Amino acid sequence: MLYINCPHCGLRSQNEFAYGGDATVKRPELNKEISDQEWDNFVYLRKSPRGKHLELWHHISGCRQWIKVERDTSTHEIFKTYKANEAIE
Amino acid sequence: MSQDFRLDNVGMVNREKKISFKFNGKKYFGFEGDTIASALIANGVHLVGRSFKYHRPRGFFGVGVDEPYAILQLDRNNERDPNIRATEQEIFEGLEVKSVNCWPSVNFDIGAINNFLKMFFPAGFYYKTFMWPPSFWYKIYEPFIRMAAGFGEASIKHDKERYEHKYEYCDLLITGSGPSGLASAYAAAKNGARVILAEDKPRFGGSLLTSDVNIGNQTGVEWTEKIIAELKSMPNVTVKNRSQVFGYYDHNMLVMSERISDHLPKTQKYLPKQRLWYIRANEVLISSGSIERPLVFGNNDTPGVMLSSAAKEYMKVYGVLVGKKPLIFTNNDSGYETAIEFKKNGVNPIILDTRSNPSSDIITEAKNLNIEIRFSYVVVAAKGYKKVKSADIAKISDDKKELFNIENIECDCICVSGFWTPSIHLASQSGNKSKFNEKIDAFVPDKSKQKENTIGSANGIFTLEETIKDAFDKGFDVSNKITEKNNKVSVPTVVEKKSTDHDKFWCVPLPKGKSYKRFLDFQNDVAVSDIELALREGFRSIEHVKRYTTLGMATDQGKTSNLNGLQLVSDIENKVVPQVGHTTFRPPYTPVSIGAIVGREVGKHSKPTRKSPMHSWHEKNNAVFVDAGVWLRPRYYKQGNEGLFEASKREAKNVRQNVGVCDVTTLGKIDVKGPDAAEFLNRVYTNAWLKLPVGKARYGVMLREDGIVMDDGTTTRISENHYHMTTTTAQAANVLSHLEYYLQLVWPELNVNVVSTTEQWAGAAIAGPNSRKLLMKLFPNLDVSNEGLPFMGYKEADLFGVPAKIYRISFSGELAYEINVESDNGYFMWEKIMEVGKEFQIQPYGTEALSTLRIEMGHVAGSELDGRTIPYDASLEGLVSKKKDFIGKRSLNRSAFTSTDREKLVGVVPIDKTTSIPEGSYIVKDPKAKLPNPKLGHVSASCWSVEYDNPFSLAIIKDGKNMIGQKLFAMSPLKNKTIPVEIVSSHYVDPEGKRVRS
């Protein structure tokens, strides 16, 4: 079970969190004309990298904040965690 | 007293307390502190089971968790516990155990015929033997295999024992209380670290309990007692015996199972059977020790052949002799320690040493004690069926290939020692890739992946002096990283006998003309010949050899067999062991009971139960409840002999004719507040929200980004910047997460806050033509006329002194109102409604009537919004704004979603107006069409229309709009029904929606 450092609450066990997928995906702006391909990429296409991955976790049984976690998908090492609006290094 | 093999005044069992227990129905005596194994051996019992495949007699092989043979079934409090290791389970008064894998009895076992049919059970026999003819599989082969498989029978009854879970955090977890565990725990604890020391056995000390050493001028046992007493007195230390750390998971999460009352006569009322500890440790020191390796020779599975370390422990810890004419067969000095212990207790052992001329302190000591030692000697085969009676022994050539002078000597046990295998399981589970240590012919941990270190013999360190010094250092180092106290304790002096190198020889060749079975895996009956066959048949990878032969796949996970198996494969392949590699170690290290894994989360505790504030009223009024997610909701209120059908019909009819009240507390409620709340809702819902006036409610549909309907509900503008959103019961938590996602990550510029208020409000829906009359009486000072409180209106009012919110919204399609009060006032509200409503023939209605009412009206719910439908499919396309953008809108342009023949919501009525259509039925054109019959759609919800008194269903079918009026068929292969039906509008009752606006 992962040990995730919530930037709001501190170190908490994984069972307090829900996984939220790739954190680098950016939702297209509202009312913007975009191609089918662009929209499909946003809705469906995700990379599944082996190694470093910036991902979203929701501290659902804690502060209810969405946070960003930089994790190695093969070793589960967590390098850094960020608040939702924090700049990524 | 029939404990013929019990020594006087030796061992650590409590002689004051005699304990009786039953084995295979026969009564035996032992002492407090005995295991089943030690007590049975004291009574001269060595035959305890039959082997898995050949049903050969099985005795005891070890003295702990590595035991491959003595698996028993325990009967306790009318419960059965299979897979009990006799070497681990302590006896208690009244204990009853029996042998497994034998019929009719362990002494006379019919299955032993397999032993004579062994040519039919070669490696991989189940891939070869049970193949043809295919029709034999279900009726003959599978039942046969199922009958033969497994050790013991699990109980099918509910386990009444209690199991608990515990979460714990520590600076340092130490797994094993042998010399290295004790030393490191002491050093770390003295340096201020929070330490957990876990010992699998009842007694602390590990090898110190049986070895003849001296630490700081004390015997091993004395030193252990001193250290444990001191550790126990320290507030920063938790010391646990009977506790096995069995799994090493991510981020230094380890799981330990503590056997709390397994050794006690009967369940204490407040004592759980076992407790599972989830331990998050800053650092871990693995001090799990090592397991003695067997030597391989003919019939080496005969009862009486056992590990020499086990024989020693039976003597020193339990005061029990495993035999009175022991033969010690060893390739290293450990066998001598056992021999010396026998000699001290007045028994004359014979040592067969595979080495030609070794010399060390301990060999000299054995010589001085006049123990008979034969160098360059091996056991060729054990003789005897149910117990060792003698052994064929021989001199072996220097190249270990030729046997000379084979002779038979009498013995009643053969204690084998093939050197030691470090227990690297936990380190390996943590991600540590092991490395092969040539000197000890075994794998040891390599570089740590997590914060762990392995110490003592688990790390291949076999001298006590080195172990103690290393453990003190490691205990200090890892604790100091955390505490930085620099409080280093001095290392005690260690006196031990020096030993010399072991012999790499481990497998005795077969004498000419003999075909003895030489076993590697004692639990799964894997012999040398099986591995040889697998390799001849082309299996190369050790992982494949393992699965083909089942080597190391038994419940002992090959603790005694793995290395010998690897050695054999590398010998045959002319490789070295590190080239062959080892199979993966996976948790659990030892079997863990399912009960412990589940803990208290059984039965109704498997999930939380949420009840509305009116729950007790429902109970008192004969409500039959249904699970709605984690909520308990009244399904119907039983009157007299009514069943579900009659009661729900009565309740629904009463709503259509008079007035009913339904507990709607469970609906999700979310407060949406802030200056940008309207804009936010406008983006979340498919319809327009910017112009909703204060005091008005609106029905809304929200989508996922992929265009699928996520949820629906009404949201009310309470004040300028405050909205009260409702969600379905099932989706409440998901909708909140969804809203938080967009507010925190996508549109952080919106000034809006959301919070769940589901539990803050108790809700009652009042529905039916009499509901306005009832409302007038409940709120005499409020204008509830159609003008004063119109459809989708909202009012705050006083309900007999209690503040209430009234929403004029309807799920039933009738004139209806939803009243919310603070949860604490919910019961009061409900009673008032029932009391005042009496004159209007009010009746409470449950979820079944609620469903009937909404189905008749064609209102969609979870069964239509099932995660596959877009607004069009559920006939919600009128709510999709063309002007504004919202979550998921872009997806609705996808070609599949704009296709004209999409499935769409319709109503379905059986032609005969009497046959109910099972939910889930397929709608087809021709019931006799060739399979698979092309499906037009499915029936999503069914009810008995109380308006028309005939069955009515909702269905989602292809090109639904143009199918109305058609005669089709509903087929339920599951219920074996084919029902002719007519497709009608989904708005079966009041299609113009007059009633809700009346």
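Residues numbered from 1 in each chain as written. Chains lettered and ligands numbered in written order. Predicted model: local features only at pLDDT ≥ 70, side-chain atom pairs only at ≥ 80, totals over all residues. Heavy atoms only, no water.

## Considering the overall build of chain A
- Along the backbone of chain A there are 1 helix and 6 strands.
- Mapped in sequence order, the helices and strands of chain A form the string β-β-β-α-β-β-β.
- Seen through its C-alpha atoms, chain A measures out along the principal axes to roughly 40 × 30 × 25 Å.
- In chain A, buried positions account for 38% of the 89 residues.
- Put simply, 45% of the contacts in chain A that link residues at least 6 apart link residues at least 24 apart.
- With an accessible surface of roughly 5200 Å², chain A has 45% of that area assigned to carbon and sulfur atoms. (Helix = DSSP H or I, 4+ residues; strand = E, 2+ residues; numbered from the N terminus. Buried < 20%, exposed > 50% of the residue type's maximum accessible area, 1.4 Å probe, protein only. Contact = heavy atoms within 4.5 Å. Areas by Shrake-Rupley, 256 points an atom, 1.4 Å probe, with all protein chains shown as cover.)

## Concerning helix 19 (residues 732-746) of chain B
- Over its 15 residues, helix 19 of chain B extends 21 Å from the first C-alpha to the last, a length consistent with the 21 Å expected when each residue adds 1.5 Å.
- A732, V735, L736, S737, H738, L739, E740, Y742, L743 and Q744 of chain B are the residues of helix 19 of chain B that are buried. (Expected span 1.5 Å × (residues − 1).)

## Some remarks on the domain arrangement of chain B
Residues and elements named next belong to chain B.
- Structurally, chain B comprises domain 1 (14-115), domain 2 (165-290 + 422-486), domain 3 (294-418 + 499-510), domain 4 (518-584) and domain 5 (900-997).
- Computed over C-alpha atoms, the centres of domain 1 and domain 2 are 29 Å apart.
- Taken together, the contact pairs 13 residues of domain 1 with 15 residues of domain 2.
- For the domain 1 face of the interface with domain 2, the top three residues by lost area are R76, E90 and F92, together amounting to 47%.
- Taken together, domain 1 and domain 2 are joined by 3 salt bridges.
- Between K273 and D81 there is a salt bridge, and its shortest N-O distance comes to 2.8 Å.
- Counting the contacts that link domain 1 with domain 2 gives 4 residue pairs in polar contact (both at pLDDT 80 or more).
- Partitioning the side of domain 1 that touches domain 2 into residue classes produces 4 nonpolar, 4 polar and 5 charged. (Domains from an automatic or database assignment. Buried area = accessible area lost by both parts, 1.4 Å probe. Salt bridge = Lys/Arg side-chain N within 4 Å of Asp/Glu carboxyl O. Polar contact = N/O pair within 3.5 Å; in protein donor to acceptor, adjacent residues only side chain to side chain. Nonpolar A, V, L, I, M, F, W, Y, C, P; charged D, E, K, R; others polar.)

## Let's talk about the pairing of strand 24 (residues 413-417) of chain B
Residues and elements named next belong to chain B.
- Counting buried positions along strand 24 yields 5 of 5 residues, so the element is predominantly enclosed.
- Where burial is concerned, the two faces of strand 24 agree: the one with C413, C415 and S417 and the one with I414 and V416 are both buried.
- Pairing of strand 17 (residues 305-307) with strand 24 involves 3 bridges; the strand directions are parallel. Counted as the bridge partner of L307 is V416 from strand 24. (Pairing = 2+ DSSP bridges.)

## Some remarks on the environment of G44 of chain B
Residues and elements named next belong to chain B.
- Structurally, G44 is set in the loop between helix 1 (36-42) and strand 3 (49-50).
- In this structure G44 comes out as partly exposed when scored by relative accessible area, which is 34%.
- Between the alpha carbons of G44 and V320 there is a distance of 9.7 Å; along the sequence they are 276 residues apart.

## A look at the sheet that holds strand 21 (residues 377-383) of chain B
Residue and element names in this part refer to chain B.
- As summarised here, the arrangement of the 3 strands in space is 21-22-23, forming an open sheet in which the pairing is antiparallel. A single partner strand is all that each edge strand has here, and the edge strands are strand 21 and strand 23 (403-410). Across the sheet, the mean angle separating the axes of adjacent strands is 25° when strand polarity is ignored.
- Bridge count between strand 21 and strand 22 (residues 390-396): 6 bridges; the pairing is antiparallel. Bridge pairing in strand 22 links V379 to I393. (Axes fitted to C-alpha atoms, helices over the stretch in contact; angles between N-to-C directions.)

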